[in-house]
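# Structural overview for review
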Amino acid sequence: MKHLAAYLLLGLGGNTSPSAADIKTVLESVGIEADSDRLEKLIGELEGKDINDLIAEGSQKLASVPSGGGGGGASGGAAAAGAPAEEAKEEEKEEEKEESDEDMGFGLFD
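These lines cover the structure that appears in this document, whether it is placed above or below. Computed from a predicted model, the values in this text were never measured in an experiment. (Residues numbered from 1 in each chain as written. Predicted model: local features only at pLDDT ≥ 70, side-chain atom pairs only at ≥ 80, totals over all residues. Heavy atoms only, no water.)

Another aspect to go through is helix α3 (residues 36-46). Of all the residues in α3, the buried ones are Leu39, Leu42, Ile43 and Leu46. In a view along the axis of α3, the buried residues occupy a sector of 95°, so they form one face of it. Away from the buried face of α3 by more than 90 degrees, exposed residues Asp37 and Lys41 are located. After α3 finishes, the residue glycine 48 shows a positive phi value of roughly 80°. (Buried < 20%, exposed > 50% of the residue type's maximum accessible area, 1.4 Å probe, protein only. Helix = DSSP H or I, 4+ residues; strand = E, 2+ residues; numbered from the N terminus. Arc of directions from axis to C-beta.)

Our next topic: the side chain of histidine 3. Relative to the helices and strands, histidine 3 resides in helix α1 (residues 2-12). With residues up to four places along the chain from it excluded, the contact list for histidine 3 reads Ile23, Leu27, Ala34, Asp35, Arg38, Leu39 and Leu42. (Contact = heavy atoms within 4.5 Å.)

With that settled, the discussion passes to the packing of helix α2 (residues 20-29) against α3. The interhelical angle for the contact between α2 and α3, taken along N-to-C directions, is 130°, at an axis separation of 10 Å. Classified by the interaxial angle, the pair formed by α2 and α3 is oblique. Once α2 is placed against α3, the crossing between them reads as right-handed. Contacts between α2 and α3 pair Ala20, Ile23 and Lys24 from the former with Ser36, Leu39, Glu40, Leu42 and Ile43 from the latter. Residue composition of the contact of α2 with α3, by class: five nonpolar, one polar and two charged. (Axes fitted to C-alpha atoms, helices over the stretch in contact; angles between N-to-C directions. Parallel < 35°, antiparallel > 145°, perpendicular 65-115°, else oblique. Left-handed = near helix turned anticlockwise from the far one by under 90°. Nonpolar A, V, L, I, M, F, W, Y, C, P; charged D, E, K, R; others polar.)

Structure (structure tokens):
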């Protein structure tokens, strides 16, 4: 991913056909070591292709993938009578969790 990100950054900067050396330079400028094997594979797969066309093609493929959602229906009103007792139990559990965090002897910002 880091190699592809560097490739895309170079493309945004106006370099329409970044070389392996260009990508290495970008990665090394932020202290990341480039993996030569993966870099050569990326350059080989993207050689002669327009990155904008590849992104558009990938977006079309992703649009056809179902993404779940839709949500379930609302539950019936029969459970409403037991709801206050359940809420009280949940609140007690939450309080216990908070107390157990304090027992560690240190806080998040100590």
